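Summary of the model geometry
Each chain, letter by letter, is given below.
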Amino acid sequence: MAAVTQSIPSYIAGVSQEPDVNMRPGYLTEIKNGYPDSTFGLQKRPGGKLENIIVDTSSAVVNSTTLTGAYWFSIIKDNQPAYFGCVVPAAYSGSTLTTLGAVRIWNSTTGIECTVTYNASSGPGSLSSPNTNTTRDYLTSAKAEDYKIITIDKTSTLLNRTSVVVQSTTNTPGSTPTTYSNFANLPTSPSVNDIAQIKNSENTEKDDYYLKWDGTSWIEVAKPGISDGFNNWTAPHSISNTAENTFVVREANYSDRLAGDDITMPQPSFVGTTIQDVFFYFNRVGFLSQDNVILSASLRPEYTNALAQDIAFFSKSAQISIASDPIDLNAASVRAVSLYSVQPSRAGLVLFGNGEQFFLYAEQGTLSPLIAEIKSVSTYEVDSIIPVVELGDEIYFISKTPRYTRVFRMMNRGTEETPIVEEVSKIVQEYVPSTINNVRSNTQNQLIGLSSKDENYVWFYRQFLQNGERALQSWFRWYFLGKVLTFNFFTDNMYAVIELTDNKIAIIRMSLNKDPDGDLLTSVVNPNPTIHPVVGIGPNIDLWTNSTSTPTYDIPSNKTTIPVPANYPALTGDTYKPIVILSESASGSSSTVSTQAGTYFNATVDGTNFKVDGDLTSVANKIVLGYKYDMELKLPTTYFRNQNGISDFTASLVISRYKFSFASTGLVTFKISGYSSYDANYAVLNPQFYPANSLPVYDEVTFDLPLHMRNEFFDLTIFSDTPFPSSLMRMDWEGNYNPRYFRRT
């Protein structure tokens, strides 16, 4: 039996569901609340600061049951608060509409519900209740997945995927036209408002056009007595942020038909059917409808608000076609295809159908009706509800099986080459459930997140490209204290809206990189105070917030009672681990430090109070409340690997000890389960000596975990639930290897 040692240089490869014997070094069987990083190793995820509990316009806490089944969205832009909102679906009694849907929006900074006004509708008018004869009448679907909100410039588009765009019953004005064979035959002294039809060719109507004498010249008009377009109130609406905490739902400004007739300028192909997606591309508003893609005429290049302009889906003239005219193309295929999502690329638009994908492009120059083309590029099944997302110059889309969600990556290679499509979720085939209804990307941190309104988890895929190679491709998941209704990324922050068990809805924010605003546990003076006076870390706890009330101390019980801030969720049950931690009271401009910063107390919840042992009345201004969360890293079975990296699963291997290298880490626990189960708690600092007045966090530390157990007789989990960080860097193991008298060849 030989004494052997081997190393795993990092654990940033993420989760793998391969059998342990086939799993490559660096993978784990589970990462809960971990955050792989190519520089800092496998870290504990950042804590979630409570931005606010949402309240209604009267400052009463919103009960989550009133928003059951809602479609959630976010409006996050520079130089304004982050807004989160939802479309509450309509309600029916059988097939009878009883309540229209409603748009509700909250300011994440204040938690206050914004004022949402519905403009008057251009609909038929005099509709009976529950219709309101406002733009709210557009919200008629009872399913959350039928709604979609897309932010374009300063305005967001509201789409109801079940609303059929109806042809207008208003006719174009004018008297019966007089027919002329060509322009040269027009009368020299016409009357004002006389209308002429120019036939051009006798055998076809495709080159006809219409002119009206305005008193000084002939101007082109539409044929009198035909539909002037489509009803704006049945097409996508806009949501405008007119002032802070003020939104207006209005009809978009769609232009009427001003030239031609039903042959030379027919209705857009979305009229008479539904629209499935809205997008913005090269100063054009675009719609997907059935197997058609429709782009409006080019908007003004100096636009300040895309949907406040007139959006034209009819050309200006029936005589000539110009580059800025609308584009209306059909994705012809031998398959029955419906287009549901679109993603811009450098060379054109990638259109995603339920069973086929297409590329809309122009060989030379930008898209125009003169040169635009569509061609099929792939035939993958794509989910019809969840939009595709972009990560850098790559596109990601999902496909669902009855139980699980699959994630694919598409890399375009120009107009002449077929794209490269890979399944990035193959290694975690049964990891992400099929209930996923929200996908977001963050190019800055190379992250894709997937969530379900029925789950407390967000599943992540993270990559890191270095010199064109993927140095990091990791799957992991984060657990939250409530169901994740929606989430989004902005400026290195992740915002999440979660539904708590006390029926409150919380907006939390997590910094994906170090955030000075969250460095509350400062206790060490920086040797270079010109950079930053003190060095600190953020609390790794959820729903954390500063206490705003005066605590009271009870001498007989030796307990301090801390009233929670107004509306703060006081959660009870075995799932929740309330905690009180002391923060640094010094401001960023002072080098004064507190020796108590980082001291924490496990708390209990009593009504609307946190209770802890000891007297904290003297540090009332330093109290931070929150809930601990668990980081769990489950290691696969360790096997001896030969020089080719192949596991020797037939040999006998006894693990003597593990050596785990950590960076920036507090207390960690190693949980061993199997024939002999126990927990091994390892503090960072040696009890014999440690830096005075410092946090129990050390930049670099190695933990020795003695075992002397057969490799297949135990499971090992690394666990941390303290409010301090933890960063696993590498692992070395030592043991006795016996090939059982067989020679390996």
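Everything numeric in this text was worked out from a predicted model, so none of it was measured.

1. Quick look at the overall build of the chain
Within the chain, the secondary structure is distributed over 0 helices and 57 strands. Counting over 745 residues, the chain shows a buried share of 54%. Considering only contacts in the chain between residues 6 or more positions apart, those separated by 24 or more positions represent 62%. Total accessible area on the chain is roughly 32,800 Å²; 48% of this is exposed by carbon and sulfur atoms. One way to put it: in the chain the 54 positive side-chain charges average out to a point 6 Å from where the 72 negative ones average out.

2. A short note on empty space enclosed by the protein
In total, this model carries 1 cavity of 30 Å³ or more according to the counting rule given. Empty space within the largest cavity amounts to approximately 60 Å³. Lining the largest cavity are Leu635, Pro636, Thr637, Thr638, Tyr658, Asn711, Phe714, Asp715 and Leu716. In terms of residue count, strand 56 (residues 714-720) provides more of the lining of the largest cavity than any other element does, 3 residues in total. Across the lining of the largest cavity, the residue classes break down as 5 nonpolar, 3 polar and 1 charged.

3. Here's the deal with the packing of aromatic side chains
With the rule as written, the count across this model stands at 39 aromatic pairs. Pairing Tyr568 with Phe610 gives two aromatic rings, centres 6.2 Å apart and planes at 75 degrees, and the pair type is edge-to-face. Taken together, the residues Tyr568 in the loop between strand 45 (559-563) and strand 46 (578-582) and Phe610 in strand 49 (residues 609-613) connect sequence positions 42 residues apart. Pairing Tyr600 with Phe724 gives two aromatic rings, centres 5.7 Å apart and planes at 70 degrees, and the pair type is edge-to-face. Within this pair, whereas Tyr600 is found in strand 47 (residues 600-602), its partner Phe724 is found in the loop between strand 56 and strand 57 (727-738), the two being separated by 124 residues in sequence. The class of Tyr600 is partly exposed, set by a relative accessible area of 29%. Given a relative accessible area of 2%, Phe724 falls into the buried group.

4. Quick notes on the nonpolar core
Membership of the largest hydrophobic core comes to 93 residues, with the highest contact counts inside it found for Trp475, Leu543 and Phe660. Cys114, Leu139, Leu158 and Val271 belong to the second largest nonpolar core, which has 50 residues in total.

5. Topic: unusual backbone geometry
Note the cis peptide between Ser129 and Pro130, where omega equals 15 degrees. Mapping Pro130 onto the fold places it in the loop between strand 13 (115-118) and strand 14 (147-152). One non-glycine residue, Gln446, lies in positive phi territory at about 55 degrees. Positionally, Gln446 belongs in the loop between strand 34 (438-442) and strand 35 (447-451).

6. A closer look at the environment of Leu707
With respect to the helices and strands, Leu707 occurs in strand 55 (residues 698-710). Separated by 49 residues in the primary sequence, Leu707 and Tyr658 have C-alpha atoms spaced 7.8 Å apart.

7. What about the sheet that holds strand 17 (residues 195-198)?
By definition, the strands of a sheet pair up through backbone hydrogen bonds, in either a parallel or an antiparallel sense. One open sheet holds the 4 strands; their spatial order is 16-17-18-19, and the pairing between them is mixed. Each having just a single partner strand, strand 16 (178-180) and strand 19 (218-221) make up the two edges of the open sheet. Pairwise comparison of adjacent strand axes, ignoring direction, gives a mean angle of 35 degrees for this sheet. As judged from the 4 bridges shared by strand 18 (residues 209-213) and strand 19, these two strands associate in the antiparallel manner. Within strand 19, the position partnered with Trp213 by the bridge is Trp218.

8. Looking at the confidence of the model for the chain
Regions with low pLDDT carry predicted coordinates that are not meant to be interpreted in detail. Confidence in the prediction of the chain, expressed as mean pLDDT, is 89, and 91% of residues score 70 or more. Element-level pLDDT for the chain is lowest in strand 41 (residues 524-525), with a mean of 46, against a maximum mean of 98 in strand 4 (residues 30-32). Confidence drops under pLDDT 50 across residues 586-593; counting only partners more than four residues distant or on other chains, this segment forms 14 contacts.

9. Considerations on the sheet that holds strand 9 (residues 83-88)
Taking strand neighbours across the sheet as the criterion, the 3 strands line up as 8-9-12 in an open arrangement whose pairing is antiparallel. Looking at the sheet topology across the chains shown, the edges are occupied by strand 8 (71-75) and strand 12 (102-107). Between one strand axis and the next, the sheet turns through 25 degrees on average, direction left out of account. Bridging between strand 9 and strand 12 involves 6 bridges; their strand directions are antiparallel. Note on strand 12: the bridge partner recorded for Cys86 is Arg104.

10. Brief notes about the pattern of salt bridges
Here the structure, examined in full by the defined rule, presents 21 salt bridges. Lys559 serves as the salt-bridge partner of Asp613, at 2.6 Å between the closest nitrogen and oxygen. Of this pair, Asp613 sits in strand 49 while Lys559 sits in strand 45; the two residues are 54 residues apart in sequence, bridging distant segments of the chain. In this structure Asp613 comes out as partly exposed when scored by relative accessible area, which is 47%.

Conventions adopted
- Residues numbered from 1 in each chain as written.
- Predicted model: local features only at pLDDT ≥ 70, side-chain atom pairs only at ≥ 80, totals over all residues.
- Heavy atoms only, no water.
- Helix = DSSP H or I, 4+ residues; strand = E, 2+ residues; numbered from the N terminus.
- Buried < 20%, exposed > 50% of the residue type's maximum accessible area, 1.4 Å probe, protein only.
- Contact = heavy atoms within 4.5 Å.
- Areas by Shrake-Rupley, 256 points an atom, 1.4 Å probe, with all protein chains shown as cover.
- Lys, Arg positive; Asp, Glu negative; His and termini not counted.
- Charge placed at Lys NZ, Arg CZ, Asp CG, Glu CD.
- 1 Å grid on protein atoms, 1.4 Å probe; cavity = no way out; pocket = protein on both sides within 12 Å on 5 of 7 lines; lining within 4 Å.
- Points joined across faces, edges and corners; volume = space filled by probe spheres on them.
- Nonpolar A, V, L, I, M, F, W, Y, C, P; charged D, E, K, R; others polar.
- Phe/Tyr/Trp six-rings, centres within 6.5 Å; stacked < 30°, edge-to-face > 60°.
- Core = buried A, V, L, I, M, F, W, Y, C linked by side-chain atoms within 4.5 Å.
- Pairing = 2+ DSSP bridges.
- Axes fitted to C-alpha atoms, helices over the stretch in contact; angles between N-to-C directions.
- pLDDT = per-residue confidence, 0-100.
- Salt bridge = Lys/Arg side-chain N within 4 Å of Asp/Glu carboxyl O.

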